[in-house]
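# Descriptive analysis of the structure
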Amino acid sequence: MIHLSAFDLALAAALVLLLAALTARLGTGLAMRILVAAARMTVQLLLVGLVLKVLFAQVHLGWIALVSLFMLLVAGREVMARQARRLKGPWGFGIGTLSMFLSSFSVTLFALLAIIGNQPWYQPQYSIPLLGMLLGNTMTGIAIALDRLNQAAWRERREIEAQLMLGYPAAEAIRPIRRESVRAGLIPIINAMAAAGIVSLPGMMTGQILAGAPPVEAVKYQILIMFLIAVGTGFGTLAAVWAGARRLFDSRHRLRLDRLTGSGS
Amino acid sequence: MSAQPRLKVERLSIPGLLAPVDLVLAPGEILCLSGPSGAGKSRLLRAIADLEPHSGRLWLDGTPSEAMTPEAWRRQVGLLPAESGWWADRVEAHFRQTPGADALADLGFNAPILQQRVDRLSSGERQRLALLRLLENRPLVLLLDEPTANLDPANVDRVEALLLRYRGSRDAALLWVSHDPEQIARVADRHLDLRDGALHAAAGAAA
């Protein structure tokens, strides 16, 4: 593996500066955001590198659990922030975070115990990257699905209530929206699977190849990861949409848009 | 009229909008409701249909609303909103059973209307079809929010005649929001005004 020096990274960073300068001249208002995002990414990844270094040096389940919890909470915050309208109170954070926890953690555990079978099973070199990839993808799926669910319920409140008025149960009135939200959450991973290897070379596999792994071994790991991500995103999205749709109604099957932010009451 | 009221409303209130309201409708009674816009007529109707959180209690033929499932309550206490909602593309998909030619003719339609796209309908057509859709459930109480607001005179006559006939066939009680004094004079047994969050006997009406 060829090691990168600080100078090598600076060369690439110079290109980003060039991009920022160009967008500033065009007046897109993006220059500052590009620079801040690039700086954030650099600092965050360097910190993660350090954390992983420490974590790998002394393998202890407690530390791994702590890091995992931190990752989960940050992902939960991100899911909340990506919804234009979200449930008020603890529900806004809770539904997304709990769904991610249930799907990402159980799929990661399954992969570690049943497939990889390391000693000890929580070997951070495997568990943390695996969990990170799962969380990152379920996060996207759940955020898109919940955003779609809440927006559609808000926009189509008249259609939903028309069905309630005629005596249809809430579950039936929200069903098309629920279906549409799950679809929206799952489309990215379905597309990623369909395009993998033809249009795009997935990042993880590319990384392993750059690190010197034999291509076929890298491909097998990538296939495993894709399956796990699809399953994690799928179950996480289903759970989040199910819980979110229930919370939009009360026990008397009333559409409770007042439970969403930005509803004015 | 029997002693049991068809609909009984006791201390129904919506926080910040409506002071506690008491209301009793006998079987076959038509109660017209008027009042300035924004007074809360529509939300009172929504609360009686149990679509809106409220305090107070509701009874249908002596059965409290909480003893019925919300679906059963709303099938029996049917709300016709001022603006109807349509969730499918074609008219026909909004009916549990395809309406017969007679039912359509009562409201001035014939069968091809069922294949129409909802977004091609006029607001008056939507209003009349929403009424037809609602009557499919054979509700015992009708909550009507300006049911003839978008209609031409011939269709106002059709809708009024249909509602009066339906009232007779089912002994249904009707809570009818209207701003038209002549219509109120034609159909109402009683007339109340909703002003400042409370019900008042309407001026010049047999209350």
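Residues numbered from 1 in each chain as written. Chains lettered and ligands numbered in written order. Predicted model: local features only at pLDDT ≥ 70, side-chain atom pairs only at ≥ 80, totals over all residues.

### Focus: the interface of chain A and chain B
As a reminder, the rule being used: Two residues qualify as being in contact provided that their C-beta atoms, derived from the backbone, are within 7 Å of each other. Each residue gets one label: Ala, Val, Leu, Ile, Met, Phe, Trp, Tyr, Cys and Pro are nonpolar, Asp, Glu, Lys and Arg are charged, and the others, such as Gly, are polar.
The interface is formed by 14 residues belonging to chain A together with 18 residues belonging to chain B. Counted by class, the side of chain A that touches chain B contains six nonpolar, three polar and five charged residues.

### Digging into the domain arrangement of chain A
Residue and element names in this part refer to chain A. Keep this limit in mind: An automatic or database domain assignment is the source of the domain bounds shown.
Per the domain assignment, the segments of chain A are domain 1 (1-57) and domain 2 (59-259). Each of domain 1 and domain 2 was reduced to a C-alpha centroid, and the two centroids are 27 Å apart. Across the contact, five residues belong to domain 1 and eight residues belong to domain 2. Looking at the side of domain 1 that touches domain 2 residue by residue, the classes come out as five nonpolar, no polar and no charged.

### A few points about the pairing of strand S10 (residues 198-201) of chain B
Residue and element names in this part refer to chain B. Here is the rule: A pair of strands is considered paired only if DSSP assigns at least 2 bridges between the two. A run of H or I in DSSP counts as a helix once it spans at least four residues, and a run of E counts as a strand once it spans at least two, with each numbered from the N terminus.
As judged from the four bridges shared by strand S9 (residues 190-195) and S10, these two strands associate in the antiparallel manner. By the bridge assignment for S10, Arg 195 is matched with Ala 198. In sequence, S9 turns back onto S10 through a hairpin of two residues, with Asp 196 there showing a positive phi of about 50 degrees.

### Side note on the environment of A:Leu47
Note the threshold: Around each residue's C-beta, the other C-beta atoms within 10 Å are counted; 20 or more make the residue buried, 12 or fewer make it exposed, and counts in between make it partly exposed. All C-beta atoms are placed from the backbone.
Take A:Leu47: it is sitting in helix H2 (residues 31-57). Judged by the 10 C-beta atoms lying within 10 Å of it, A:Leu47 falls in the exposed class.

### Description of H2(A)
Worth spelling out the cut-off: Expected span of a helix: the number of residues minus one, times 1.5 Å.
With 27 residues, H2(A) ought to run about 39 Å at 1.5 Å a step, and its terminal C-alpha atoms sit 39 Å apart, in line with that. With respect to burial, H2(A) is a largely exposed element, only zero of its 27 residues being buried.

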